[in-house]
Amino acid sequence: MIRRGDLNFSDKIFYWVLKSLAFGIIGLLVVLFILLLKMSWPIFSKIGLSFYFLNEWNPVTEEFGAMAFIYGTIATALLALVLSLPISLGSALLVTELANLHVRRVLGFLIEMLAAIPSIVYGLWGLFVVVPFLRTDVQPFLGDYLGFLPLFKGPPIGVGLMAGGIVLAIMITPTIATICREIFLTIPKVYKEGALALGATRWEMIQLSVIRSSLSGILGASILGLARALGETMAVTMVIGNRAQISSSLFSPAQTMASLLANEYAEASSEIHMASLTAIGFGLLLVSLIVNSLARIIIWRVGRIYRRSK
Amino acid sequence: MPNSQVQKNTILEVKELNAWFGDFHAVKNINLKVEQNDILALIGPSGCGKSTFIRTINRLHEEVPGARVTGEVRLLGQDIYKMDPVKIRRQVGMVFQKPNPFPGLSIFENVAVGLKLSGIQRKSILTEIVEKSLKQAALWNEVKDKLNEPGTSLSGGQQQRLCIARALAVTPPILLMDEPTSALDPISTARIEDLLQDLKKYVTIVIVTHNMQQASRVSTKTAFFLSGELIEFGDTSQVFTKPNKQKTEEYITGRFG
Ligand SMILES: Nc1ncnc2c1ncn2[C@@H]1O[C@H](COP(=O)(O)OP(=O)(O)O)[C@@H](O)[C@H]1O
Ligand SMILES: [Mg+2]
């Protein structure tokens, strides 16, 4: 700790500037909250919180409810998580436990590079590669063999929940894989060697000493990935199909909260329309904050347990 | 007394063993034999290669990236470097410096891990062997009413005995211990030293220790390592009372180390 009395004059100024900047960030968040709430007030005063539970979106008749977008957001984010988790875990295990030094470096670097690709590029890739492939190959195949499941019913259009989920899955993989890798690296070597010394194969060692002791960390990483998927806008907008509906089929077009905002905010037709969009933004902010804090708390606690046991 | 020695079985035989970390030659040309029911103590100053040597006996050394071994290690006559390392490790128990019960596993599960890895599933068999192993490790009375509690909930000394039980459960012919008491308090240390005398009946023991009193108390044979070389190897009473090498004498009389 630096005591304030130890600082000379210019350091003092520097200290206060930094301090006010840091608090400014928190202040900004508070202002954002108040502003969003104020701007969405017309819709809240009209129908209250039931806004978030109505499945209705009609700017012409001015009937607004956010349920379809909440559904689309959660469905794509969960699908992304389900698809990304095995890939992320697999690559984190490969990097920390299995590959040789050279492969480790290259693979770790490539995964981190995925995080640097702009969202719009993922969107283009989704639109021109993923969507056509889903339309002509994957969805007809799934429809033929698993079409009896509600998940795979309906015409193979390409755009929709499935395309959104896949693009999101790739986008959240660097987040989850990198955090999992960090967690695996904190596991003391003596647990891994303990398993090997008992005659565990590499895979058994991973189950015994790596996965088991990082379960809550993996959970934290997943939630953080989920948070990223919830808020992602551009790439999803391009492949989701932009239709306000709730369908159990992954083939159907849908809409997420973030992509609805991107689509309609510029051309909101009335005050109540604008208020409804803002209320969706408010809900998204709230959910992201909660989900992110949850993930941070879990990850922080995991780190603390290991720091103590070392 | 050579005659009594002849009847003993050789459990472990090491011939011209060398171990490297990359270019660093950590263990140099070791030759020694360990007979049934021996307790071999490895002594020597820190960094002399005791851990490295003991880890070549269950092929754990090669898990370190860049590590390498040459020479022969024969366990019950089989050349372990010509076999599957996983199979070898199932026949060699190991206890580490820091107690390492698996996080998230109960006391029972910790002891049963090795059995499960070798494919034993039957609950009745597991229960029987777990009890026997915990008794051998002198831990049964303390834990018999809380077998389902996490292994990590025990005290340090208990955790170390749990790890001993875990290693004994698969009835290995040999048990390797790398400074098993150096992280423990004096009372826990004394309990484990007593335990070793009982264990001798079931299993041959190789123990690394930096504590010379411990070596002279618990072992029947002593090997003195210095800078990766085996300087002297013989009966513990002889090594501690009339060492053949001057270096050994200097070390045990505390002139360096
Ligand atoms: N992972 C490693 N990589 C490189 N050198 C190592 C490694 N582990 C140990 N060494 C070196 O090998 C030598 C022997 O180490 P070790 O067997 O642990 O000694 P001891 O157990 O007798 O204290 C030491 O000089 C140590 O620095
Ligand atoms: Mg050592």
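Just above sits the structure.
All values derive from a computational prediction rather than experimental measurement. (Residues numbered from 1 in each chain as written. Chains lettered and ligands numbered in written order. Predicted model: local features only at pLDDT ≥ 70, side-chain atom pairs only at ≥ 80, totals over all residues. Heavy atoms only, no water.)

Colleague: Tell me about the overall build of chain B, and please be specific about residues and values.
Modeller: Across its full length, chain B carries 11 helices and 10 strands. A globule of 257 residues ought to have a C-alpha radius of gyration of about 18 Å, and chain B, at 18 Å, matches this closely. The principal-axis extents of the C-alpha atoms in chain B amount to approximately 55 × 40 × 40 Å. Every one of the 257 residues in chain B was classed for burial, and the buried ones make up 53%. Within chain B, contacts between residues at least 6 apart in sequence are counted, and of these 67% link residues at least 24 apart. Accessible surface for chain B amounts to roughly 11400 Å². Of this, 49% is attributable to carbon and sulfur atoms. Averaging the coordinates of the 32 positive side-chain charges in chain B and doing the same for the 27 negative ones gives two points 3 Å apart. (Helix = DSSP H or I, 4+ residues; strand = E, 2+ residues; numbered from the N terminus. Rg over C-alpha atoms; globule rule 2.2 N^0.38 Å. Buried < 20%, exposed > 50% of the residue type's maximum accessible area, 1.4 Å probe, protein only. Contact = heavy atoms within 4.5 Å. Areas by Shrake-Rupley, 256 points an atom, 1.4 Å probe, with all protein chains shown as cover. Lys, Arg positive; Asp, Glu negative; His and termini not counted. Charge placed at Lys NZ, Arg CZ, Asp CG, Glu CD.)

Colleague: Go over the side chain of T278(A), please, and point to the residues and values.
Modeller: All names here are of chain A. Its location among the elements puts T278 in helix α12 (residues 271-309). Of the residues examined, T278 reaches a relative accessible area of 2% and is grouped as buried. A polar side-chain atom of T278 sits 3.1 Å from a polar atom in the side chain of Y265. At 2.7 Å, the side chain of T278 and the backbone oxygen of M274 are in polar contact. For T278, the contacting residues outside a window of four places in its chain are L36, M39, S40 and Y265. (Polar contact = N/O pair within 3.5 Å; in protein donor to acceptor, adjacent residues only side chain to side chain.)

Colleague: Before we move on, can you summarise the packing of helix α4 (residues 107-117) of chain B against helix α5 (residues 123-136) of chain B with the specific residues and values?
Modeller: Residues and elements named next belong to chain B. Put simply, α4 and α5 touch, their axes get as near as 9 Å, and they point 115 degrees apart. The hand of the α4/α5 crossing is right-handed. Of the residues in α5, those touching α4 at F108, V111, A112, L115 and K116 are K123, L126, T127, I129, V130, S133 and L134. Tallied by class, the residues present in the contact of α4 with α5 amount to 8 nonpolar, 2 polar and 2 charged. (Axes fitted to C-alpha atoms, helices over the stretch in contact; angles between N-to-C directions. Left-handed = near helix turned anticlockwise from the far one by under 90°. Nonpolar A, V, L, I, M, F, W, Y, C, P; charged D, E, K, R; others polar.)

Colleague: Go over a nonpolar patch on the surface with me, naming the residues and quoting the values.
Modeller: All names here are of chain A. A contiguous nonpolar patch, built from I117, I120, V121, L124, W125, F128, V129 and M234 and spanning about 690 Å² of accessible area, is present on the exposed surface. The element best represented in the nonpolar patch is helix α5 (residues 119-146), accounting for 6 residues. Assignment of secondary structure puts M234 in helix α10 (residues 234-239). Here M234 falls in the partly exposed class, since its relative accessible area comes to 34%. (Patch = residues over 30% accessible without salt bridge, like charges linked within 9 Å, V, L, I, M, F, W, Y side chains within 5 Å. Salt bridge = Lys/Arg side-chain N within 4 Å of Asp/Glu carboxyl O.)

Colleague: Pulling in residues and values, what's your account of the packing of aromatic side chains?
Modeller: Taken as a whole and assessed by the stated rule, the structure comprises 12 aromatic pairs over all chains. With 4.9 Å between their ring centres and 25 degrees between their planes, F224(B) and Y251(B) make a pair best called stacked. Of the two residues, F224(B) is situated in strand β9 (residues 221-226) and Y251(B) in helix α11 (residues 246-252); the sequence distance between them amounts to 27 residues. Put simply, the rings of F33(A), F44(A), F51(A), Y52(A) and F282(A) pair up and form one aromatic cluster. The positively charged end of R166(B) is found above the aromatic ring belonging to F102(B), 4.6 Å away from the centroid. (Phe/Tyr/Trp six-rings, centres within 6.5 Å; stacked < 30°, edge-to-face > 60°. Lys NZ or Arg CZ within 6 Å of the ring centre and 35° of its normal.)

Colleague: Quick one: what's the story with the environment of I117(A), residue by residue and with numbers?
Modeller: For I117(A), the position within the fold is in the loop between α4 (101-114) and α5. Distance from I117(A) to S259(A), taken between C-alpha atoms, is 19 Å for residues 142 residues apart in sequence.

Colleague: Help me get a handle on the interface of chain A and chain B, residues and values and all.
Modeller: Facing 18 residues of chain A, the contacting portion of chain B comprises 21 residues. Its largest share of buried area at the contact with chain B, chain A owes to Y191(A), A197(A) and L198(A), together 33% of the area lost on that side. If you look at where chain A meets chain B, you find 3 salt bridges. Applying the counting criterion to the chain A and chain B interface returns 5 residue pairs in polar contact (both at pLDDT 80 or more). Contributions of two or more residues to the side of chain A that touches chain B are made by α7 (189-197) and α8 (202-211) of chain A. Per element, the largest residue contribution to the side of chain A that touches chain B is 7 residues, and it comes from α7(A). Residue composition of the side of chain A that touches chain B, grouped by class: 8 nonpolar, 6 polar and 4 charged. (Buried area = accessible area lost by both parts, 1.4 Å probe.)

Colleague: Let's hear about the nonpolar core: which residues, and what values?
Modeller: Among the nonpolar cores identified, the biggest contains 94 residues, and F184(A), L12(B), I30(B), L32(B), L42(B) and F53(B) are the most heavily contacted of them. Excluding residues that lie within four positions of it along the chain, L32(B) makes contacts with L12(B), E13(B), V14(B), L40(B), F53(B), A223(B), L230(B) and F233(B). Ranked by size, the runner-up nonpolar core spans 42 residues in total, among them I39(B), W140(B), V143(B) and M212(B). (Core = buried A, V, L, I, M, F, W, Y, C linked by side-chain atoms within 4.5 Å.)

Colleague: Outline the pattern of salt bridges, supporting the account with residue identities and numerical values.
Modeller: Where charged atoms from two side chains of opposite charge come close, those side chains can pair. Tallying each qualifying case throughout the model produces 16 salt bridges over all chains. Between R90(B) and E204(A) there is a salt bridge, with its nearest N and O atoms 3.4 Å apart. Here R90(B), found in helix α3 (residues 85-91), pairs with E204(A), found in helix α8, and the two come from separate chains. Judged by relative accessible area, R90(B) falls into the partly exposed class, the value being 24%. R217(B) is paired through a salt bridge with E193(B); the nearest N and O atoms lie 2.7 Å apart.

Colleague: Outline the side chain of T237(A), listing residues and values.
Modeller: Residues and elements named next belong to chain A. One can find T237 in helix α10. Its relative accessible area of 9% is what places T237 among the buried residues. For T237, the side chain forms a polar contact with the main-chain oxygen of T233, separated by 2.7 Å. Once residues within four sequence positions are removed from consideration, T237 is found in contact with N242, S259, A262 and N263.

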